[in-house]
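# Topology and contacts: notes
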Amino acid sequence: MEAQVLAAVRAGAGPVTAGWVRDRLGGGLAYTTVITILSRLHAKNAVTRTREGRSYTWANASDEAGLAALRMRRVLDAERDREAVLARFVSALTPGDEERLRALLSRAARTGPDAGDASEDR
């Protein structure tokens, strides 16, 4: 359900209301269910919200790459042995992806922690 709601928010031309999201999904969900899902996405930093009167408007917190990075980081944070998880991840990369990762790590080392896409941290 979160993926469907997030896709609906992405489809908006800007910030959207929960009612707009509900309508976009076909109206099969209760309004309160949509609010609950949006609130959970907000807690996960996947969407932002802005107070508009007594309600909120909702917008994407990041692009798709940033959201994927956030999911990856959450998975890693949930594991006890980070080194083992990272080692398995790296060993499963294709040669092309391994090269991309090496290049990104090299660039990050040269330019510091602020060199990456700031949207990934939101």
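A short tour of the structure in this document, coming up. What you see is a predicted model; the values in this text were computed from it and never measured.

Right, let's get into the pattern of salt bridges. Counted under the stated rule, the structure contains 4 salt bridges. Across the salt bridge formed by Arg-82 and Asp-77, the nearest N and O atoms sit 2.7 Å from each other. In this structure, Glu-98 and Arg-102 form a salt bridge, with 2.7 Å as the shortest nitrogen-oxygen distance. On the criterion of helical spacing, the pair formed by Glu-98 and Arg-102 is a turn pair, its members being 4 residues apart in helix 6 (residues 95–111).

Helix 5 (residues 82–91) packs onto helix 4 (residues 64–77) with a crossing angle of 135° between their chain directions and a minimal axis gap of 9 Å. As far as their axial angle goes, helix 5 and helix 4 are oblique. Along its contact with helix 4, which presents Met-72, Leu-76 and Asp-77, the element helix 5 presents Arg-82, Val-85, Leu-86 and Phe-89. When the residues that make up the contact of helix 4 with helix 5 are grouped by side-chain class, the tally is 5 nonpolar, no polar and 2 charged.

A word on the environment of Glu-64. Inspection of the secondary structure assignment puts Glu-64 in helix 4. As a C-alpha pair, Glu-64 and Leu-6 span 58 residues in sequence and 10 Å in three-dimensional space.

Moving on, we get to the packing of aromatic side chains. The geometry of an aromatic ring pair is captured by two quantities: the separation of the ring centres and the angle between the planes. Applying the stated rule across the entire model yields 1 aromatic pair. Between Arg-49 and the ring centre of Tyr-56, over which it is positioned, the NZ or CZ distance is 4.4 Å. Stacked on the ring of Tyr-56, the Lys or Arg Arg-51 has its end atom at 4.6 Å from the ring centre.

Within soluble globular proteins, side chains that are nonpolar tend to cluster in buried spots. Within the largest apolar cluster, 16 residues are counted, with the highest numbers of intra-cluster contacts made by Val-21, Leu-38 and Leu-41. Mapped by element, the contributors of at least two residues to this core are helix 1 (2–11), helix 2 (18–24) and helix 3 (31–43). Excluding its chain neighbours within four sequence positions, the residues that come into contact with Leu-41 are Glu-2, Val-5, Leu-6, Ala-46 and Val-47.

This next bit is on the environment of Thr-111. One can find Thr-111 in helix 6. Remark: the alpha-carbon pair of Thr-111 and Thr-17, spanning 94 residues in sequence, is separated by 39 Å. There is a polar contact of 2.8 Å between the side chain of Thr-111 and the backbone oxygen of Arg-107.

Moving on: the packing of helix 1 against helix 3. Put simply, helix 1 and helix 3 touch, their axes get as near as 10 Å, and they point 85° apart. When the axes of helix 1 and helix 3 are compared, the pair comes out roughly perpendicular. The residues of helix 3 that touch helix 1, namely those facing Glu-2, Val-5, Leu-6 and Val-9, are Ile-37, Leu-38, Arg-40 and Leu-41.

Procedures and definitions
Residues numbered from 1 in each chain as written. Predicted model: local features only at pLDDT ≥ 70, side-chain atom pairs only at ≥ 80, totals over all residues. Heavy atoms only, no water. Salt bridge = Lys/Arg side-chain N within 4 Å of Asp/Glu carboxyl O. Helix = DSSP H or I, 4+ residues; strand = E, 2+ residues; numbered from the N terminus. Axes fitted to C-alpha atoms, helices over the stretch in contact; angles between N-to-C directions. Parallel < 35°, antiparallel > 145°, perpendicular 65-115°, else oblique. Contact = heavy atoms within 4.5 Å. Nonpolar A, V, L, I, M, F, W, Y, C, P; charged D, E, K, R; others polar. Phe/Tyr/Trp six-rings, centres within 6.5 Å; stacked < 30°, edge-to-face > 60°. Lys NZ or Arg CZ within 6 Å of the ring centre and 35° of its normal. Core = buried A, V, L, I, M, F, W, Y, C linked by side-chain atoms within 4.5 Å. Buried < 20%, exposed > 50% of the residue type's maximum accessible area, 1.4 Å probe, protein only. Polar contact = N/O pair within 3.5 Å; in protein donor to acceptor, adjacent residues only side chain to side chain.

The quantities given are spatial measurements derived from coordinates; they are silent on function.
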